[in-house]
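Okay, here's what each chain looks like letter by letter:
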Amino acid sequence: MKGILLSLILGIAFTSYAHARDITFGIVPQQSAITLANNWGPILEYVSQQSGYNLVFRTAKDIPEFEGRVLTGEYDVAYMNPYHYTVFHQKPGYQAFAKQKDKRIHGILVVKKEASISSLEELDGARLAFPSPAAFAASVVPRAALKNQGISITPQYVSSHDSVYLNVARDFFVAGGGIERTLNNTNADVSEQLRVLWKTPGYTPHAFAFHPDLDPEVADAIKAAFLSLNDSEKGRTLLGNISFKGIESAQDEDWDDVRALNITLLQHLLSE
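First, a word on scope: everything that follows refers to the structure included in this document. (Residues numbered from 1 in each chain as written. Predicted model: local features only at pLDDT ≥ 70, side-chain atom pairs only at ≥ 80, totals over all residues. Heavy atoms only, no water.)

**Notes on the pattern of salt bridges**
Thought 1: For the coordinates displayed, the defined rule picks out 11 salt bridges.
Thought 2: In this structure, Lys103 and Glu180 form a salt bridge, with 3.7 Å as the shortest nitrogen-oxygen distance. One end of the pair, Lys103, is in the loop between β4 (95–100) and β5 (107–112); the other, Glu180, is in helix α7 (residues 180–185), with 77 residues separating them in the sequence.
Thought 3: A residue is classified by how much of its surface remains accessible, and Glu180, at 24% relative accessible area, is partly exposed. (Salt bridge = Lys/Arg side-chain N within 4 Å of Asp/Glu carboxyl O. Helix = DSSP H or I, 4+ residues; strand = E, 2+ residues; numbered from the N terminus. Buried < 20%, exposed > 50% of the residue type's maximum accessible area, 1.4 Å probe, protein only.)

Below, the structure is given as structure tokens:
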């Protein structure tokens, strides 16, 4: 198991399939590489078996590095947050093909379970932990909501959702931003120390997207394999490990609700 896990993290293929070319699958680093590999590795193995193409796990040390890699088209397939998708659909041209089924993504602000804080107003003047500036539901939307309510905070970026939760649990910050799925997936020793103070409105969730240069035949096979996770007990169990109830087809216009927010944090990347 350790050998397989190391292979996943390093992006080394460990199984042979009908087609020799590896397909890189990049996952936004909301959690540690080890956690992502544990949760997503069996899914990629299943999709590889079903499609005949070897999907190789990739991530980055933090979200800004992931953004740079998506911008340069490093990943054949990528799982990215809703705002990332609206940016990287423009350049280099990633095309969404699937999303979590029957899901709206909500950002959350968490505090220690025993903390006396009961309202957003009590955060005024505090330092809050966030994964990265452009983490959509975990950072962009909560910070905008606080600003709109006249609540002044100092954001501190700590690289991942798991790091936010750990920092709040250890009392380094009074509150921090995340999303429900990663809070549910984080170490129980940490999550059980926290409670959700506030939740954002819901938006279209993360996108599964193909690089525009990926061969359409390969893309079709991979999409069909991902959707087939819904159709077997094993597949549904694997989806449950990442807190998915299912996966469904998606189109570019599904993210128009995110575009309507007119977020410009990463617009500078489009001119590079």
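**Brief notes about the pairing of strand β6 (residues 127–130)**
Thought 1: With four bridges connecting them, β6 and strand β7 (residues 154–157) associate as parallel partners. For Leu128, the partnering residue across the bridge sits in β7 and is Pro155.
Thought 2: This β-α-β element, β6 to helix α5 (residues 136–148) to β7, shows right-handed connectivity.
Thought 3: Bridge analysis of β6 against strand β8 (residues 175–179) gives two bridges, and the strand direction is parallel. Considered in β8, the bridge of Ala129 is made with Gly176. (Pairing = 2+ DSSP bridges. Right-handed = clockwise from strand over helix to strand, strands pointing away.)

**As for the nonpolar core**
Thought 1: If you look at the biggest cluster of nonpolar residues, it comprises 64 residues, and the most contacted ones within it are Phe25, Phe208 and Phe226.
Thought 2: Top element by residues in this core is helix α2 (residues 33–51). It accounts for seven residues.
Thought 3: In contact with Phe226, other than residues within four places in its own chain, are Phe25, Ile43, Leu44, Val47, Leu55, Phe97, Phe208 and Ile247.
Thought 4: With 15 residues, the next largest nonpolar core counts Leu123, Leu146, Ala175 and Trp198 among its residues. (Core = buried A, V, L, I, M, F, W, Y, C linked by side-chain atoms within 4.5 Å. Contact = heavy atoms within 4.5 Å.)

**Here's the deal with the environment of Tyr203**
Thought 1: Note that Tyr203 resides in the loop between β9 (194–199) and β10 (207–210).
Thought 2: For the pair Tyr203 and Ala129, spaced 74 residues apart in sequence, the C-alpha to C-alpha distance is 22 Å.
Thought 3: In this structure, Tyr203 is in contact with Lys103, Arg104, Ile105, Phe136, Val141, Asp257, Val258 and Leu261, ignoring residues within four places of it in sequence.

**Quick word on unusual backbone geometry**
Thought 1: Following Lys91, the chain continues to Pro92 via a peptide bond in cis, the omega torsion being 10 degrees.
Thought 2: Mapped onto the elements, Pro92 comes out in the loop between α4 (82–88) and β4.
Thought 3: Phi at Ser159 takes a positive value of approximately 85 degrees, unusual for a residue other than glycine.
Thought 4: Mapped onto the fold, Ser159 is located in the loop between β7 and α6 (161–169).
Thought 5: By relative accessible area, which is 28% here, Ser159 ends up partly exposed.
Thought 6: The phi angle at Asn262 is positive, at roughly 55 degrees, despite the residue not being glycine.
Thought 7: On the secondary structure map, Asn262 appears in the segment after α11 (256–259).

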